[in-house]
Amino acid sequence: MRRLATPIGILAAVAGAFAYVGSVDPNEPGHYPVCPLLKLTGVLCPGCGGLRSAHAFITGDLGAALEANAIATVGYFLFAAVWVLWLVRAWRGQPLRIGLAPVWWWGVGAVLLIFTVVRNLPFGSALAP
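Residues numbered from 1 in each chain as written. Predicted model: local features only at pLDDT ≥ 70, side-chain atom pairs only at ≥ 80, totals over all residues. Heavy atoms only, no water.

Engineer: Tell me what's going on with a nonpolar patch on the surface, and back it up with residues and numbers.
Structural biologist: On the surface, a nonpolar cluster with roughly 810 Å² of combined accessible area is contributed by L85, I98, L100, V103, W104, W105, V108 and L112. In terms of residue count, the dominant contributor to the nonpolar patch is helix α6 (residues 102–119) (five residues). With respect to the helices, strands and loops of the structure, W104 is situated in helix α6. Classification of W104 by relative accessible area gives exposed; the value is 57%. (Patch = residues over 30% accessible without salt bridge, like charges linked within 9 Å, V, L, I, M, F, W, Y side chains within 5 Å. Areas by Shrake-Rupley, 256 points an atom, 1.4 Å probe, with all protein chains shown as cover. Salt bridge = Lys/Arg side-chain N within 4 Å of Asp/Glu carboxyl O. Helix = DSSP H or I, 4+ residues; strand = E, 2+ residues; numbered from the N terminus. Buried < 20%, exposed > 50% of the residue type's maximum accessible area, 1.4 Å probe, protein only.)

In C-alpha cells form, the structure reads like this:
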C-alpha cells in the first residue's frame, strides 16, 4: 500500500484545490489575484481563465470550462488519464515512466504559443476568457 501513497496524495491535493475553486467562485471579484502578465501588459497568458475554467469544470459546466480556457480543460482530462496510468502502475509495483521525445515537448510548446497568440488577436476572441 505504501507505493500508492504518492499518487493518492497527489489526487488528494488536486481534489482539495478543485474543491476550493469550486466553492470560491473566481467570477466574483476580490477572491483571487489578477494574472500579473494581464495586469502589466494586457496580454492573456495561456493560463488566463484557468480558475474560471476549473470552477465551471468542477460545477459540471463543461461548455463554460472550455470557453474560459480550452487548454486547461483538456489538461484536466490529460491529468486524469496520466493519474490513472500512474495508479495502475503503482498498484502493480511498476514505476511511471513517460518518455516523450523532444519533438513532443516542442509540439506542446508550439501549441501553447499558438493558443496564446491567437487568443490575443481579434479573430481569436472566442479563445479569450
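Structure shown, so let's carry the discussion forward.
Engineer: Please provide a residue-by-residue account of the layout of surface pockets, values included.
Structural biologist: Counted as a void, the largest pocket has a volume near 350 Å³. What lines the largest pocket is a set of 17 residues, and nearest its centre among them are P33, V34, C35, L51 and R52. Across the lining of the largest pocket, the residue classes break down as eleven nonpolar, four polar and two charged. (1 Å grid on protein atoms, 1.4 Å probe; cavity = no way out; pocket = protein on both sides within 12 Å on 5 of 7 lines; lining within 4 Å. Points joined across faces, edges and corners; volume = space filled by probe spheres on them. Nonpolar A, V, L, I, M, F, W, Y, C, P; charged D, E, K, R; others polar.)

Engineer: Could you give an account of the state of the cysteines, with specific residues and numbers?
Structural biologist: Across all of its chains, the model carries zero disulfides by this definition. C45 takes part in no disulfide bond, and the closest cysteine sulfur, belonging to C48, lies 3.6 Å away. Unpaired in this structure, C48 has its nearest cysteine sulfur neighbour in C35, at a distance of 3.5 Å. Owing to a relative accessible area of 6%, C48 belongs among the buried residues under this scheme. (Disulfide = S-S within 2.5 Å.)

Engineer: Now, about the packing of helix α1 (residues 5–23) against helix α5 (residues 70–91): what can you tell me, with residues and values included?
Structural biologist: The geometry of α1 relative to α5 is characterised by a closest axis approach of 9 Å and an angle of 155° between their N-to-C directions. In terms of their interaxial angle, α1 and α5 are classed as roughly antiparallel. Here the hand of the crossing between α1 and α5 comes out left-handed. Contacts between α1 and α5 pair T6, P7, I8, I10, L11, V14 and F18 from the former with Y76, F79, W83, W86, L87 and A90 from the latter. (Axes fitted to C-alpha atoms, helices over the stretch in contact; angles between N-to-C directions. Parallel < 35°, antiparallel > 145°, perpendicular 65-115°, else oblique. Left-handed = near helix turned anticlockwise from the far one by under 90°. Contact = heavy atoms within 4.5 Å.)

Engineer: Please set out the side chain of R119 residue by residue, giving values where relevant.
Structural biologist: You can see R119 is positioned in helix α6. With no salt bridge to any partner, buried R119 finds its closest opposite charge in E67, at an N-O distance of 11 Å. At 3.0 Å, the side chain of R119 and the backbone oxygen of C48 are in polar contact. Engagement of the side chain of R119 in a polar contact is seen with the backbone oxygen of L127, the distance being 3.1 Å. When residues no more than four places from it in sequence are discounted, the contact partners of R119 are L44, C45, P46, G47, C48, A68, N69, G124, L127, A128 and P129. (Lys, Arg positive; Asp, Glu negative; His and termini not counted. Polar contact = N/O pair within 3.5 Å; in protein donor to acceptor, adjacent residues only side chain to side chain.)

Engineer: Give me the lowdown on the packing of aromatic side chains, citing residues and values where you can.
Structural biologist: Within this structure, the stated rule accounts for five aromatic pairs. A centroid spacing of 5.2 Å and a plane angle of 85° characterise the contact between F18 and Y76, whose relative ring orientation is edge-to-face. Here Y76 lies in helix α5 and F18 lies in helix α1, a separation of 58 residues in the sequence. Each member of the pair, F18 together with Y76, is buried. Of the aromatic side chains, those joined through ring pairs into one cluster are F18, F57, Y76 and F77. (Phe/Tyr/Trp six-rings, centres within 6.5 Å; stacked < 30°, edge-to-face > 60°.)

Engineer: Describe α5, listing the residues and the values that go with them.
Structural biologist: Over its 22 residues, α5 extends 32 Å from the first C-alpha to the last, a length consistent with the 32 Å expected when each residue adds 1.5 Å. Turning to α5, its buried residues number three or more, namely A72, T73, Y76, W83 and A90. Projected down its long axis, α5 carries its buried residues within an arc of 110°, all on one side. What points out from α5, more than 90 degrees from its buried face, is the exposed set V74 and L78. Where α5 is buried, its residues contact α1, α3 (50–58) and α4 (62–68). Capping the start of α5 is the job of one residue whose side-chain oxygen sits 3.1 Å from the backbone nitrogen of I71: N69. (Expected span 1.5 Å × (residues − 1). Arc of directions from axis to C-beta.)

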